[in-house]
Amino acid sequence: MIHSMTGYARKEFKGDWGTAVWEIRSVNQRYLETYLRLPEQLRGLEPILRERFRKQLERGKVECNLRFESQTNAGQLQINEALAEQLIDSALWVIDQAGQGQLNPLDVLRWPGVMAAPEQDMDELNTRLLAGFDEVLTLFIESRQSEGDKLKAVIEQRLEGIQNEVTKVRAFMPQILDWQRQKLIDRLAEAKLELEPTRVEQEIILLAQRIDVAEELDRLGMHITETHKILKKGGACGRRLDFMMQEFNRESNTLGSKSINAEVTQSAVELKVLIEQMREQIQNIE
């Protein structure tokens, strides 16, 4: 399967431990780079997350965000009753000694250590959060695969266009050679030069060799076949496809340089356009 380096996934998870929102996005990058934004108390997950990304991805600039809210309500709060009693007794003694003032229960609750939320089991919380991360990572990879399928379809369409141009040029070549042969004979006639038939044929052969593009057309056909094989095999094939575009460009340049016919020149230009369109899409492939 072909995977794009562009992808996005987001999902919210809720439980008795709280609420978490995982979000992953990626764009093109020559190598794999991961950027993590986690709450401070969950920084310990970073090495695990980076390793899971490394096992699943080859290339791309990946941003991963986690928003987390712990589930805490009044029913879960714990009161240090012994400390509260001491504070109340002390406050009442002060009021009695001063002969004025009153006790505010909220002031007692605000005293450090009187109210406390139960400590969360971090091992269990991490397990829940990582399970959620794995779900979002799966969605993220699926999004990259879906985008990769679209890129593959575009590239295959351009390959078909290249094949059509190769077929067109190959069909033109006998006609071009005959035209060039007659053109050479006509020029000799205009110059009133009489050459031996063997010499004329030699000149025609030399000319045919200079404008012969059969080798370039054959190599273009081979590159088309090899590119289809790479797409079929899938995986992290972006670099191999990029190399194939260089090979396509080399043959199309040679084809253009040998062209002495408007139709062949037009095909060479069209080849350059198709190859460039493929190259642009391949920059997005992992």
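It should be emphasised that the depicted structure is a prediction, and the values quoted were computed from it without experimental measurement. (Residues numbered from 1 in each chain as written. Predicted model: local features only at pLDDT ≥ 70, side-chain atom pairs only at ≥ 80, totals over all residues. Heavy atoms only, no water.)

Caption draft 1: View of the pattern of salt bridges. Taken as a whole, this structure holds 18 salt bridges when the rule is applied. One salt bridge in this structure joins Glu 12 and Lys 14, with 3.6 Å as the shortest N-O distance. Judged by relative accessible area, which is 39%, Glu 12 ranks as partly exposed. The shortest N-O distance in the salt bridge between Arg 144 and Glu 286 comes to 3.1 Å. Of this pair, Arg 144 sits in helix H4 (residues 122–190) while Glu 286 sits in the segment after helix H8 (262–282); the two residues are 142 residues apart in sequence, bridging distant segments of the chain. Residues participating in the shared-partner salt-bridge network are Glu 40, Arg 43, Glu 46 and Arg 50. (Salt bridge = Lys/Arg side-chain N within 4 Å of Asp/Glu carboxyl O. Buried < 20%, exposed > 50% of the residue type's maximum accessible area, 1.4 Å probe, protein only. Helix = DSSP H or I, 4+ residues; strand = E, 2+ residues; numbered from the N terminus.)

Caption draft 2: The arrangement of the nonpolar core in detail. The biggest cluster of nonpolar side chains holds 27 residues, and the ones touching the most others in it are Ile 162, Phe 248 and Ile 285. Broken down by secondary-structure element, the contributors of at least two residues to this core are H4, helix H6 (214–233), helix H7 (238–258) and H8. It is H4 that contributes the most residues to this core, seven residues altogether. In this view, Ile 162 contacts Ile 224, Phe 248, Leu 271, Leu 274, Ile 275 and Met 278; residues no more than four positions away in its chain are not counted. Ala 9, Leu 38, Leu 66 and Phe 140 belong to the second largest nonpolar core, which has 25 residues in total. (Core = buried A, V, L, I, M, F, W, Y, C linked by side-chain atoms within 4.5 Å. Contact = heavy atoms within 4.5 Å.)

Caption draft 3: Highlighting the side chain of His 3. With respect to the element layout, His 3 can be found in the segment before strand E1 (7–15). Each residue touching His 3, except ones within four places of it in the same chain, is listed here: Ile 141, Arg 144, Gln 145, Gly 148, Asn 284, Ile 285 and Glu 286.

Caption draft 4: Local environment of the sheet that holds E1. The sheet built from four strands is open, its strands ordered E1-E2-E4-E3 with mixed pairing. Edge strands, defined here as strands with exactly one partner in the open sheet, are E1 and strand E3 (32–37). Ignoring strand direction, the axes of neighbouring strands in this sheet form an average angle of 10°. Bridge analysis of strand E2 (residues 18–27) against strand E4 (residues 60–70) gives 10 bridges, and the strand direction is antiparallel. Pairing of Ile 24 across the sheet is with Cys 64, part of E4. Along the sheet face, helix H1 (residues 46–56) touches E2, E3 and E4 and points at about 145° away from the line of E3. (Pairing = 2+ DSSP bridges. Axes fitted to C-alpha atoms, helices over the stretch in contact; angles between N-to-C directions.)

Caption draft 5: Quick look at the packing of H6 against H7. Relative orientation of the contacting elements H6 and H7 amounts to 165°, with a least axis distance of 10 Å. If you check the angle between H6 and H7, you find them roughly antiparallel. Note that H6 runs across H7; the crossing there is left-handed. Note on element contacts: H7 touches H6 through Arg 240, Leu 241, Met 244, Glu 247, Phe 248, Glu 251, Thr 254, Leu 255 and Lys 258, opposite Glu 216, Leu 217, Arg 219, Leu 220, His 223, Ile 224, Glu 226, Thr 227, Ile 230, Leu 231 and Lys 233. For the contact of H6 with H7, the class distribution of residues is nine nonpolar, three polar and eight charged. (Parallel < 35°, antiparallel > 145°, perpendicular 65-115°, else oblique. Left-handed = near helix turned anticlockwise from the far one by under 90°. Nonpolar A, V, L, I, M, F, W, Y, C, P; charged D, E, K, R; others polar.)

Caption draft 6: Region of interest: the pairing of E1. Where E1 and E2 come together, nine bridges link them in antiparallel fashion. Bridge pairing in E2 links Glu 12 to Val 21. Hairpin connection, E1 to E2: the antiparallel pair is bridged by two residues.

Caption draft 7: The packing of aromatic side chains, seen in detail. In total, this model carries three aromatic pairs according to the counting rule given. With centroids separated by 6.3 Å and ring planes inclined at 10°, the aromatic side chains of Trp 17 and Phe 68 adopt a geometry described as stacked. Residue Trp 17 is found in the loop between E1 and E2, and its partner Phe 68 is found in strand E4; the two are separated by 51 residues along the sequence. You can call Trp 17 buried: its relative accessible area is 10%. An aromatic cluster is present here, built from Trp 22, Phe 53 and Phe 133 joined pairwise through their rings. Cation over ring: Lys 61 sits above Tyr 35, and NZ or CZ is 5.5 Å from the ring centre. (Phe/Tyr/Trp six-rings, centres within 6.5 Å; stacked < 30°, edge-to-face > 60°. Lys NZ or Arg CZ within 6 Å of the ring centre and 35° of its normal.)

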